[in-house]
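Structural features, examined
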Amino acid sequence: MSMNIRSMMAVTVSCSISMLSPSSPSSLRAFPLLSPPSALCSFSGLSETMDCGGGPCVFPLNRCKTVHLVRHGQGIHNVEGDKNYNAYMNPEYFDAHLTPLGWQQVDNLRKHVHDSGLMKRIDLVIASPLLRTLQTAVGVFGGEDYTDRTDVLPLMVANAGNSNRAAISSLNCPPIVSVELCREHLGVHPCDKRRSISEYQFLFPAIDFSMSLLFSFQIDSNEDTWWKADVRETKEELAARGLKFMNWLGTRKEKEIAIVTHRAFLFHTLSAFGTYSHPLAKKELSKHFANCELRSMVIVDWIGCINHRNMRQDAFRDGLLL
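Since we're looking at a predicted model, the values are computed, not measured.

Details of the overall build of the protein chain
Looking only at helices and strands, the protein chain has 11 helices and 9 strands in total. Within the protein chain, the fraction of its 322 residues that count as buried is 53%. Partitioning the contacts of the protein chain with sequence separation of at least 6, the portion at a separation of at least 24 is 79%.

Remarks on the packing of aromatic side chains
Where two aromatic rings form a pair, the distance of their centres and the angle of their planes describe that pair. According to the stated counting rule, one finds 4 aromatic pairs in the structure shown. Geometrically, the ring pair formed by Phe245 and Trp248 is tilted, given 5.9 Å between the ring centres and 35° between the ring planes. In this pair, Phe245 and Trp248 are both assigned in helix α8 (residues 235–250), 3 residues apart and thus about one turn of the helix distant. Judged by relative accessible area, which is 1%, Phe245 ranks as buried. Using a relative accessible area of 12% as the deciding quantity, one classes Trp248 as buried. The lysine or arginine in question, Arg295, covers the ring of Phe289, its NZ or CZ lying 3.8 Å from the ring centre.

Comments concerning the layout of surface pockets
The volume enclosed by the largest pocket comes to roughly 420 Å³. Together, 22 residues line the largest pocket, and Tyr85, Tyr88, Glu184, Arg263 and Ala264 are the ones closest to its centre. Residue contributions to the lining of the largest pocket peak at 4 residues, all from helix α9 (residues 263–274).

Quick notes on the side chain of Arg194
Along the chain, the position of Arg194 falls in the loop between β7 (176–178) and α6 (197–203). Looking at Arg194, the relative accessible area reads 2%, which means it is buried.

Re empty space enclosed by the protein
Applying the stated rule across the entire model yields 1 cavity of 30 Å³ or more. Every residue lining the largest cavity is listed: Leu69, Phe245, Met246, Ile259, Phe265, Leu266, Thr269 and Leu270. With 4 residues, the single largest contributor to the lining of the largest cavity is α9. Residue composition of the lining of the largest cavity, by class: 7 nonpolar, 1 polar and no charged.

Things to note about the packing of helix α3 (residues 100–115) against helix α5 (residues 131–141)
The interhelical angle for the contact between α3 and α5, taken along N-to-C directions, is 40°, at an axis separation of 8 Å. Relative to α5, the element α3 lies oblique. The element α3 and its partner α5 pack so that their crossing is right-handed. Of the residues in α5, those touching α3 at Trp103, Val106, Leu109, Arg110, Val113 and His114 are Gln135, Thr136, Val138, Gly139, Val140 and Phe141. Taken together, the residues of the contact of α3 with α5 break down into 7 nonpolar, 4 polar and 1 charged.

Things to note about the nonpolar core
Across soluble globular proteins, nonpolar side chains show a tendency to be buried alongside one another. Counting residues in hydrophobic clusters, the biggest one holds 35 residues, and the most contacted among them are Val113, Val125, Val138, Phe141, Phe204 and Ile207. Of all the elements in the fold, those that place two or more residues in this core are α3, α4 (118–121), β4 (124–127), α5, β5 (154–156), α6 and β8 (256–261). At 6 residues, the largest contribution of residues to this core is made by α5. Not counting residues up to four positions away in its chain, the partners in contact with Phe141 are Val70, Arg110, Val113, Met119, Ile122, Val125, Cys173, Pro174, Ala258 and Val260.

A short note on the pattern of salt bridges
Per the stated rule, a full pass over the model turns up 15 salt bridges. Linking Asp224 and Arg183 is a salt bridge whose minimum nitrogen-to-oxygen distance equals 2.8 Å. Of the two residues, Asp224 is situated in the loop between α7 (210–216) and α8 and Arg183 in the loop between β7 and α6; the sequence distance between them amounts to 41 residues. Note on accessibility: Asp224 and Arg183 belong to one class, buried. One network of salt bridges, with partners in common, ties together Glu180, Arg183, Arg194 and Asp224.

Examining the pairing of strand β3 (residues 64–71)
Along β3, 7 of the 8 residues are buried, which leaves the element largely enclosed by surrounding structure. One ladder, built from 6 bridges, connects β3 with β8; its direction is parallel. Each residue of the ladder has a partner; that of Thr66, found in β8, is Glu256.

As for α3
Its 16 residues place the ends of α3 23 Å apart at the C-alpha level, agreeing with the 22 Å of an ideal helix rising 1.5 Å per residue. Residues of α3 that are buried: Gly102, Trp103, Gln105, Val106, Leu109, Arg110 and Val113. In a view along the axis of α3, the buried residues occupy a sector of 155°, so they form one face of it. Facing away from the buried surface of α3 by more than 90 degrees, the exposed residues are Pro100, Lys111 and Asp115. The inward-facing, buried residues of α3 contact β3, α4, α5, β5 and β9 (293–300).

Reading the values: rules and limits
- Residues numbered from 1 in each chain as written.
- Predicted model: local features only at pLDDT ≥ 70, side-chain atom pairs only at ≥ 80, totals over all residues.
- Heavy atoms only, no water.
- Helix = DSSP H or I, 4+ residues; strand = E, 2+ residues; numbered from the N terminus.
- Buried < 20%, exposed > 50% of the residue type's maximum accessible area, 1.4 Å probe, protein only.
- Contact = heavy atoms within 4.5 Å.
- Phe/Tyr/Trp six-rings, centres within 6.5 Å; stacked < 30°, edge-to-face > 60°.
- Lys NZ or Arg CZ within 6 Å of the ring centre and 35° of its normal.
- 1 Å grid on protein atoms, 1.4 Å probe; cavity = no way out; pocket = protein on both sides within 12 Å on 5 of 7 lines; lining within 4 Å.
- Points joined across faces, edges and corners; volume = space filled by probe spheres on them.
- Nonpolar A, V, L, I, M, F, W, Y, C, P; charged D, E, K, R; others polar.
- Axes fitted to C-alpha atoms, helices over the stretch in contact; angles between N-to-C directions.
- Parallel < 35°, antiparallel > 145°, perpendicular 65-115°, else oblique.
- Left-handed = near helix turned anticlockwise from the far one by under 90°.
- Core = buried A, V, L, I, M, F, W, Y, C linked by side-chain atoms within 4.5 Å.
- Salt bridge = Lys/Arg side-chain N within 4 Å of Asp/Glu carboxyl O.
- Pairing = 2+ DSSP bridges.
- Expected span 1.5 Å × (residues − 1).
- Arc of directions from axis to C-beta.

Laid out in structure tokens, this is it:
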């Protein structure tokens, strides 16, 4: 499916899996919801056309895309930052890497995606260009241990970002691309400032960083031009960036995509959708992600579905469809 950038109108929550408690059952729910008015374009009466009546809704498969949202494993900044928010100001946490516990969470989630068969269904993995998300992406969705060879690049070199991990192979795994739009809340906090793309390319040779360079919109986009030491991105700006990312996601041809990103990015992006959703869906969407938690959702192209249904209603009214 290649959705029009302006027609990706809904997200449906389908399941939630926290890898911090892998033995707990996942919840299965499905609630259609609208995106904010800024993404509704001229469809001001769109909500009146949805007549699911609180029951299940049915959408054509070609109008839907499955996304698996993952927050990175525990980073070194989370250890103190979860207890004292001011700790995020510590310059020692610049581009924070995963802790040993974070890597254990990654291993748990990797086992789940393989045991559940999810790994075989994913067409593409998208990761934020920060060390902790790149480590999580390759650890969960990458190949096995890398065997040195000249014809295949590793996804991650040995001990990348003080990981004490062996190199990870790029064989038998979906492609991984890095996209600047799904970065964490920008500015002020050193843990959310990225390295140069060239540094990441050395550490993660088989990851495609061309999209991060594209979205930087800067001549010298190798460096981090988005993060400012004295200016914090507003929550509204973060949500708008998240919706821009979701709209871009709708243009991708892949049907099932994993996205490895951050707590604040996920919270504000999904909350923007949740504002116009069913109360139960809003409550679920507005929950903060735990480290290395995975939630699977369905993006629905509302406009395409509604146009199709309206044509059928017109045909029925005119006696052309019984």
